[in-house]
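# Summary of the model geometry
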Amino acid sequence: MNEILPIILSIVVGLAVIGGLIPVFLKSRRSKQNYVGPRDANDPAPLDAADSPGGSTLVQERPEAPAPPSDVEMVVPAPTAPALETPLPVDGRLVRLRARLAKSNNALGKGLLALLSRDTIDEDVWEEVEETLLLADIGTNATMELVDTLRDRVKVLGVRSPEHVQSMLREELIKLVDPTMDRTLNIARHEGRPAVLMVVGVNGVGKTTTVGKLARVLVAEDKDVLLGAADTFRAAAAEQLATWGARVGVPTVKSDVDGADPASVAYEAVKAGIDQEVDVVMIDTAGRLQNKVGLMDELGKVKRVIEKQATVDEVLLVLDATTGQNGLTQAKVFAEVVNITGIVLTKLDGTAKGGIVVAIQNTLGVPVKLIGLGEGADDLAPFDAENFVDALLN
């Protein structure tokens, strides 16, 4: 028994030694493994040089880019500001607008000329003349006045030739449009402060676009302009106005808070205009429904707040020519709230609604000062009575 015990102990010690050497042998085998084929998603990440025991890595270093030849100068272009647009001069606008009006809005003039050039002008013809004028939204009173005048002149003169009829019709239409009305914009800078212009109107007539286009008109006349984005209700209205201004280098005062007080924005815009000594500050206002008393009262508040530091020299009402007599209703309500000084008639192309010019002026005694005939940036121009009538009769 004593002889067997040493043998058993030797076997146990031998097994223990062998068990301890097996992990060391396996670890050394793994450290020598090389990747000879393409790696896949299951392969372990290679060691960085700093972590590798021998300082080697399986990831090849990115080669350095070769230096450029010594005779080549590396030039990094400096950031450039967007190029400013140059608005068209006013004279060019008038010619283009007149040509466009003659093509798209001459149903009134041509219809009247055709009727009055007939060999026999009886009562039926005069009724057609009357209907043509009413469809053009000239208004009942103005229509009756024009028909009576034309009837008397045709009866007395007995003219029938197209040349005489056109001359007679031109004279009477110009009288209706009234070239004696003062259509100049009150945009002269005052001593120590700018002229202030407000733009008002219902939703969808294009107030913000009109402000942007008018800014281009003023820039073309070398005016220093600043815009105030007091339309704080419509989403992105302030950004839209700022974009219009940036295109011609005109700054915009706006609020970073949605739904900010429009009177406060208008006040800050005028204050900035005074501080920066600009010529004109134009205030864009939110669209109003003329039958919403609260909104109309707020519009009056905007005007009163502005007048704490400057007078409002011009209040332009923007009207859509395609709305016809509904535009006249809008004009009456706005005139009661903010004392309208001028009308901007937009979307005059493509319809026979040009007679609204006569209806508005006769009813309110307020002149149409600007007209727009298209979507282009420079499709806005001062209204001229004789050019307007000539375009209708062309």
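Residues numbered from 1 in each chain as written. Predicted model: local features only at pLDDT ≥ 70, side-chain atom pairs only at ≥ 80, totals over all residues. Heavy atoms only, no water.

Another point: the confidence of the model for the protein. Atom-level detail of predicted coordinates should not be read off regions where pLDDT is low. With 71% of its residues at a pLDDT of at least 70, the protein reaches an overall mean of 76. Of all secondary-structure elements in the protein, the lowest mean pLDDT belongs to helix α1 (residues 4-31), at 58, while strand β1 (residues 195-200) reaches the highest, 96. Confidence drops under a pLDDT of 50 for residues 26-81, and excluding neighbours within four residues, the segment shows 20 contacts in the predicted structure. (pLDDT = per-residue confidence, 0-100. Helix = DSSP H or I, 4+ residues; strand = E, 2+ residues; numbered from the N terminus. Contact = heavy atoms within 4.5 Å.)

Here we take up the environment of Arg 247. In this fold, Arg 247 is placed in helix α8 (residues 237-247). Distance from Arg 247 to Leu 84, taken between C-alpha atoms, is 5.5 Å for residues 163 residues apart in sequence. With sequence-adjacent residues up to four places away left out, Arg 247 is seen in contact with Leu 84, Glu 85, Arg 216 and Ala 377.

Right, let's get into unusual backbone geometry. We note that Asp 178 has phi near 65 degrees; this positive angle belongs to a residue other than glycine. Summarising the element assignment, Asp 178 is placed in the loop between α6 (162-177) and β1. Unlike most non-glycine residues, Glu 277 shows phi in positive territory, near 55 degrees. Residue placement: Glu 277 occurs in the loop between α9 (262-276) and β4 (280-285).

Our next topic: helix α5 (residues 140-157). In a regular helix each residue adds 1.5 Å, so 18 residues correspond to 26 Å; α5 covers 26 Å between its end C-alpha atoms and thus fits that length. Following α5 by one or two positions, Gly 158 adopts a phi angle in the positive range, close to 65 degrees. (Expected span 1.5 Å × (residues − 1).)

Look at helix α7 (residues 207-220) against α8: their axes get within 9 Å of each other, and the N-to-C directions meet at 15 degrees. In terms of orientation, α7 lies roughly parallel with respect to α8. In this structure, α7 meets α8 at a crossing whose hand is right-handed. Across the interface between the two elements, Thr 208, Thr 209, Val 211, Gly 212, Lys 213 and Arg 216 from α7 touch Ala 237, Gln 240, Leu 241, Trp 244 and Arg 247 from α8. Class assignment of the residues belonging to the contact of α7 with α8 gives a composition of four nonpolar, four polar and three charged. (Axes fitted to C-alpha atoms, helices over the stretch in contact; angles between N-to-C directions. Parallel < 35°, antiparallel > 145°, perpendicular 65-115°, else oblique. Left-handed = near helix turned anticlockwise from the far one by under 90°. Nonpolar A, V, L, I, M, F, W, Y, C, P; charged D, E, K, R; others polar.)

Next up on the list: the pattern of salt bridges. Counted by the stated rule, this structure contains 14 salt bridges. Here Glu 307 makes a salt bridge to Lys 303, at a shortest N to O gap of 2.9 Å. Classification of Lys 303 as buried rests on a relative accessible area of 16%. Salt bridges sharing common partners tie together Glu 85, Arg 216, Arg 247 and Asp 378. (Salt bridge = Lys/Arg side-chain N within 4 Å of Asp/Glu carboxyl O. Buried < 20%, exposed > 50% of the residue type's maximum accessible area, 1.4 Å probe, protein only.)

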